[in-house]
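# Structure at a glance
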Amino acid sequence: MTKFGIRDSRLSWRPPPSDGGAGVLGYLIVARSEDLTPVASGNPPIISDWYVVYNETTSPLKWEDIHQNLTETATYTYRLHAVNRVGTSAGLEQSIQLS
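Throughout what follows, the structure given in this document is the object of discussion. (Residues numbered from 1 in each chain as written. Predicted model: local features only at pLDDT ≥ 70, side-chain atom pairs only at ≥ 80, totals over all residues. Heavy atoms only, no water.)

### Overview of the overall build of the chain
The condition is simple: Secondary structure follows DSSP: runs of H or I at least 4 residues long count as helices, runs of E at least 2 residues long count as strands, and numbering of each begins at the N terminus. The cut-offs for exposure are 20% and 50% of the maximum accessible area for each residue type, with area from a 1.4 Å probe on protein chains only; residues under the lower value are buried, those over the upper are exposed, and the others partly exposed. Any two residues whose heavy atoms approach within 4.5 Å at even a single point are treated as in contact. Methods summary: accessible areas were calculated by the Shrake-Rupley approach with a probe of 1.4 Å, and residue burial reflects only the protein chains presented.
Secondary structure assignment for the chain yields one helix and nine strands. Seen in sequence order, the chain has helices and strands lined up from the N terminus as β-β-β-α-β-β-β-β-β-β. For the chain, with 99 residues in total, the buried portion stands at 34%. A fraction of 64% describes how many contacts in the chain between residues 6 or more apart in sequence connect residues 24 or more apart. Accessible surface for the chain amounts to roughly 5900 Å². Of this, 51% is attributable to carbon and sulfur atoms.

In structure tokens form, the structure reads like this:
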């Protein structure tokens, strides 16, 4: 996940090295930041102050998305989860500082 312009983040990922025997159905990305609110994200928080910014379980071959219209100097923390028939993975976390 990388900075993409002044107010956008490019979210890109690859399939996990192991799917535990159940193929990946899609991906879920949640984010948090001091300026990310239900209005800004378009979604209510799912866990505490984490908001869904990408939820796609119909196209597991898509490995990129752009999170747009962010606050220029804010730090955003993202968690990427793989989803399969067994459930949702624990997630990988990364922060991005916009400037």
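On we go.
### Brief notes about the nonpolar core
Spelled out, the test is: Joining through side-chain atoms within 4.5 Å is the link that ties buried Ala, Val, Leu, Ile, Met, Phe, Trp, Tyr and Cys residues into a set, and such a set is a nonpolar core.
By size, the foremost hydrophobic cluster in this structure holds 15 residues, and its most contacted members are L11, W13, Y27, I29, V53, Y76 and Y78. The set of elements that each furnish at least two residues to this core consists of strand 3 (24–32), strand 5 (50–56) and strand 7 (75–84). If we skip the residues at most four places from it in the chain, W13 touches Y27, I29, Y54, K62, W63, E64, D65 and L80. In this structure, L28, V30, W50 and V52 belong to the second largest nonpolar core, which totals five residues.

### Focus: the pattern of salt bridges
Pairing of side chains with opposite charge becomes possible as their charged atoms draw close. The condition that has to hold: Definition used for salt bridges: Asp or Glu carboxyl oxygen within 4 Å of a side-chain nitrogen of Lys or Arg.
On inspection of all chains with the given rule, the structure shows two salt bridges. Residue E64 is joined to R10 by a salt bridge in which the shortest nitrogen-to-oxygen separation is 3.2 Å. With E64 in strand 6 (residues 64–67) and R10 in strand 2 (residues 9–12), the pair connects residues that are 54 residues apart, well separated along the chain. Between E93 and R79 there is a salt bridge whose closest N-O contact spans 2.8 Å. Within this pair, whereas E93 is found in strand 9 (residues 92–97), its partner R79 is found in strand 7, the two being separated by 14 residues in sequence.

### A look at unusual backbone geometry
For N69, which is not glycine, the phi dihedral falls at a positive 60 degrees. Mapped onto the secondary structure, N69 falls in the loop between strand 6 and strand 7.

### Remarks on the environment of N55
Take N55: it is sitting in strand 5. Distance from N55 to V30, taken between C-alpha atoms, is 8.6 Å for residues 25 residues apart in sequence. Ignoring anything within four residues of it in the chain, the contact list for N55 reads Y27 and L28.

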